[in-house]
Structure formats: structure tokens, C-alpha cells
Amino acid sequence: MTETTVGGFAALDLHPAVLSAIAAVGYEEPSPIQEQSIPVILAGHDMIGQAQTGTGKTAAFALPLLSRIDPARREPQVLILTPTRELALQVATACETYSTQMPGVKVVAVYGGAPMGPQLKALRQGAQIVVATPGRLCDHLRRDENLLTSVERLVLDEADEMLKLGFMEDIEVIFEALPESRQTVLFSATLPASIRAIAERHLKSPKHVKIAAKTQTVERIEQAHLMVHADQKPVSVLRLLEVEQFDALIAFVRTKQATLDIAELLERNGYRVSALNGDMPQAQRERVIESLKEGSLDIVVATDVAARGLDVPRITHVLNVDMPYDPESYVHRIGRTGRAGRTGRALLLVTPRERRMLQVIERVTGQKVGEIKLPDAETVLEARLQRLANALKPLLEGADAARGAVCAELCRRLDCTPEALAAALLAKQTQGQALDLEGVRREQPLTPAPLRERPTGERAERGERGDRGERSGEPRARRPMEPLAEGRVRCRTALGKRDGVAAKNLLGAIINEGKLAREAIGRIQVRETFSLVELPEEGLERLLGRLKETRVAGKALRLRRYHEE
Ligand code: AMP
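Reference entry: report on the structure contained in this document. (Residues numbered from 1 in each chain as written. Predicted model: local features only at pLDDT ≥ 70, side-chain atom pairs only at ≥ 80, totals over all residues. Heavy atoms only, no water.)

**Some thoughts on the sheet that holds strand 15 (residues 488–493)**
For step 1, the next point in the chain: One open sheet holds the 4 strands; their spatial order is 16-17-15-20, and the pairing between them is antiparallel. This sheet does not close on itself; its edge strands, each paired only once, are strand 16 (524–526) and strand 20 (560–561).
For step 2, the next point in the chain: The strands that helix 20 (residues 503–514) touches are strand 15, strand 16 and strand 17 (531–536); relative to strand 16, the one it contacts most, it runs at about 135°. (Pairing = 2+ DSSP bridges. Helix = DSSP H or I, 4+ residues; strand = E, 2+ residues; numbered from the N terminus. Contact = heavy atoms within 4.5 Å. Axes fitted to C-alpha atoms, helices over the stretch in contact; angles between N-to-C directions.)

**Side note on the sheet that holds strand 4 (residues 129–132)**
For step 1, the next point in the chain: The sheet built from 7 strands is open, its strands ordered 3-4-2-5-6-1-7 with parallel pairing. Every other strand in the sheet has two partners, leaving strand 3 (107–110) and strand 7 (207–210) as the edge strands with one partner each. Neighbour to neighbour, the strand axes of the sheet diverge by 15° on average, direction disregarded.
For step 2, the next point in the chain: Bridge count between strand 5 (residues 153–156) and strand 6 (residues 183–188): 4 bridges; the pairing is parallel. Note on strand 6: the bridge partner recorded for L156 is L186.
For step 3, the next point in the chain: Docked against the sheet, helix 4 (residues 85–98) engages strand 2 (78–81), strand 3 and strand 4, running at close to 180° with respect to strand 3.
For step 4, the next point in the chain: Along the sheet, helix 5 (residues 116–124) contacts strand 3 and strand 4; its crossing angle with strand 3, the most-contacted strand, is approximately 150°.

**Some details on the pattern of salt bridges**
For step 1, the next point in the chain: Under the criterion given, the structure shown has 31 salt bridges.
For step 2, the next point in the chain: Among the salt bridges present, the one from D247 reaches R314, with a minimum N-O distance of 3.4 Å. Here D247 is found in the loop between helix 10 (233–243) and strand 9 (248–252), whereas its partner R314 is found in the loop between strand 11 (299–302) and strand 12 (315–320), with 67 residues between them in sequence.
For step 3, the next point in the chain: A residue is classified by how much of its surface remains accessible, and D247, at 39% relative accessible area, is partly exposed.
For step 4, the next point in the chain: The residue E409 makes a salt bridge to R412 at a minimum N-O spacing of 2.9 Å. In this pair, E409 and R412 both sit in helix 16 (residues 401–414), 3 residues apart, roughly one turn of the helix.
For step 5, the next point in the chain: For R412, a relative accessible area of 59% puts it in the exposed group.
For step 6, the next point in the chain: When salt bridges with common partners are traced through the structure, they connect D247, R272, D298 and R314 into a single cluster. (Salt bridge = Lys/Arg side-chain N within 4 Å of Asp/Glu carboxyl O. Buried < 20%, exposed > 50% of the residue type's maximum accessible area, 1.4 Å probe, protein only.)

**So, a nonpolar patch on the surface**
For step 1, the next point in the chain: On the surface, a nonpolar cluster with roughly 260 Å² of combined accessible area is contributed by V406, L410 and L414.
For step 2, the next point in the chain: If you trace the backbone, L414 turns up in helix 16.
For step 3, the next point in the chain: With a relative accessible area of 54%, L414 lands in the exposed category. (Patch = residues over 30% accessible without salt bridge, like charges linked within 9 Å, V, L, I, M, F, W, Y side chains within 5 Å. Areas by Shrake-Rupley, 256 points an atom, 1.4 Å probe, with all protein chains shown as cover.)

As C-alpha cells, this is what we get:
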């Protein structure tokens, strides 16, 4: 992996193994909170970081802490406290992702609602990084008060949320069990008096890190946001593009992989589109921008880095598929439209956990970013008909009398009406696109090929955190999910990579014991702590019944229908 692929990260003195993990995940450069926090944490200072979800705060502490781990010492060195088990799992997955190139480094997640035995075993087997919710960690401390004596660095993640959930006392117990000499890093979206009091008592001359928020004006640009769940993003993007009247459009995503995924999705749906990311050689990037300028491309899907300084007057729309890290980069992004005094339109997809970031953006820009709804089938159909009419108008003008006569002749030969002839030609022109309400409603967007294994990494962390209570519900899938094909449902098993399960094992078990044809099984996604399998809805109960006793990798499969929302 060359240094250029990790851009600004290379200057931050992170461990080379961490750098190459970041490069594999596809981050192009540090987010503002990372740029500021990483040197402070690497230098060993205590720190208070004011940042909310979505700013890249997890990597802001995980990357420097991993860089300071000693893999040879098989005992807890870093403790990360989180308010919920969902966040604990998410942070643990992130730490695993960033330590893939560090053999011997182990991460354990310790949270309520799961048996204590395996957690304790993992702790005693020498995990260097412990990600825990305070309540459960205290339960462990009651059994073994020396559990944390080797910890050198502590992170309190979402400290304000921890206090809201009533973990104050537990946190105090944990502080008592940690060595005095430790380094302490506290992240919090807000800094109420209670948090400042904790910092006062337990942090030593902490450095403060906060992203400066300068007010910026974006008056020429009409802004709107759409609330979506992460797995609905591809469908939402397609629907929005159908109804928005754009000349050229730039879509922003967070990673190189996402530029490729979204560009592929749009290309399959007939758009003239290209990805634009830092992996592409400079000459190729320039060609993409040139094509956008002269009109042979209409959409570019870019990361922030790749789109820097891009000035194409044709751009009428900016579509923020992924949330920017901070209001400043939002302002930069949407400034790609409304060039040279024109007006522009900026759309922002917001997942439920990113609501707060939207509020911050509104505060900093001093403007309301109104909500729009996903266009319904009627609106999509109307937009399609209008586009067709626009495309056919110039053709009508070019049709001469001789061709009119040919039409009459063709109708005679084919024994059909002019309407039937026109409908047949239209069907060819529109290539099976639905042009009636029912058809639009039924339509499934053309998504990339099924069963495509994606690299693990940032996509695994992005997405919904779901319920916040520590003992509540199921952990949500943390990658954006492709829309399901018609007649399919997702099923979940608690077996994942950590159980030694691979997609082919699940496939084999379902085919053999479920008596299902290979073709009936859709995508299989194997995650660290669970897996998802797409199965036919029809006959699902019977199928799950047949699989009741099935074991995979020596463990009970227990496949259940998975309800995403
Ligand atoms: P967080 O604020 O930690 O919840 O992170 C939000 C999302 O940003 C996660 O999906 C990360 O994978 C992603 N992310 C963090 N840092 C970077 C980066 N430097 N470049 C691209 N994506 C990032």
C-alpha cells in the first residue's frame, strides 16, 4: 500500500499497520475531528473531544490508541466505554477493522443481555482492547476487581449519553478500578455541567478539541433533506433522480467503494455517470470532469477529496448521499452548484442517527433545510411521461410526410392501429420501463449483482445504530442493505465470522437441510457476530421449521425472520 492512498493520514504518525488498514477501508483523508484529535492522543495527553456521531469520532480515538498497543502483551490495555450495546458492537467492529493488519491484537465487546462467561473468557484470553457498556463491566468487576489494572488508556464515548442513561455511578466505580496513571479521552456531543465535573475530577490537564464552526452563507442554493434508513439509500437516490430536473449533478459519498457502488447502480439504471475518487489517476479524474463539463456525462459520484475545487457551471444539483463530517464540508459540497451567480439545488439524505448533524448544519448555515418526502409512484410516473414528451418533441418536428406514409403502410401490413404501432416503438425506446401506476409501484430498481461479497470495513460501521437501550432489541445490521428482490425476505442467525461461519457453510446447510434450490437463496452476508440470508417469503415458516435443528460450524443455526425497521 503506498502512502499516497492514505493521503493526509500518512502525516499523522500512525502505526504503519493502522495506515494500511485505513487504506484498505478506503478513507481518503482524516476528517477534521481526526486531524485534531489524533496528534493529541498519540502524544499521550488527556483530551475532551466535542463531536457527535457522523464526524468520524470513532476512528479519531481508535486509530491513535491502536497505534500505541503492544500486541505482545496479552492483557487489557485500552478500555472504551459506550452507552449502549449497539454502540459497543459498532466500536468493537471498527477497532477490528482498523487492526486487521496487526496480528495478535484482539478486541472484546462486553455488554448486557448476553452471557457473562464467554465475555470473561475473552477478557482473560488476552484481548488488548475492551469495548464495554458501564453496567455490564461493573458486573464483571464485582467478580474480579483486578480486571482493569493493566489498562493504560480509557475512552468515554458519547459521555453525555452515558450520563443520560444513568451510568454515573457505574462510571465512578470503573474509574476507581483503573490505574491512576492512565490516559483518559472523553468524547461528548454536548458538555453539560455534569460532564465538565467528571472531567474536572478524573482528567489531567485535558486538551480540548472541537471543530470550529464558522457561519457560512449559501443563499443561492435551495436546500432540502430526506429522512431515510441506510438500507433505503439506493432506492431513494434512484427515485429522487427521476423527479429532479437536473442538468448535471454531483453526488457525494464517504468512501471510494461507495463512489463505485453508487455509480454502478446509476449506470445500470441508464444514467451517464462516472465515479470520481482518489484512487483514480489524475489524468483520468481530469477526463471525468471534462466530460461532465462538455455534457457527455451527467452525474459524477465523488468523495470530498476528489471533488475539491471542482468548478462546473452545468451542475444544477448536489446530492449528499452520505452525510458530510461537519457543516464546513457541507457548505463546500453544496457550493459545487449555484456557480457563477446561478441558483442550485442541494439534497441531503439523513439517517435517523444523523438528525443531530442536520441541526448543526442548520445552525451554522443559519438556514432551514426543509424536509421532502420520497417521491410517490404518481410523481415518478408524471416525471417519466414529461421526460418522454420532451425527448419526442424534436423528433416529431423532424418527421416528414414520407415517413408518415410509411407508418400508414406498416399499419396496413401489420394489420394494426397507429396507436399499437406507436406503443410498440415506445416499448423499444423505453426498454421495459413501467409507464403505468401499478407498474411503477411494482418496479424494483436494478441493483448490483447479488451475492457480491464486499470488503469489510467502513461500510460495516455505517448505518443505523437502532434502539438505544442496552438490553433492548437486536443489534441492527451495520452495512447499508441492498433493496430486497420481490418475494424475498431477510433472515438472521446469530452465527457469524467469529463462530467460524462462511457464506458457503450457510448455503450448504440451507440447501441440504432446508431442501431448497440454490436459485431460491439470495444474498448471504456474513458479519462478525451475525449473518443475514435472503430467502423466499413463500413457505418461509415451513423452511424455518425444517432448519430448526440445523447446526453450522457445530452451533445451532436458529434462523429467524429479520425485521429491519
Ligand atoms: P462515527 O462518527 O465514528 O460514527 O463515523 C461515521 C462514519 O464515517 C463511519 O461509517 C466511518 O466508517 C466513516 N469514517 C470515519 N472516518 C472516515 C474517513 N477519514 N474517511 C471516510 N469515512 C470515514
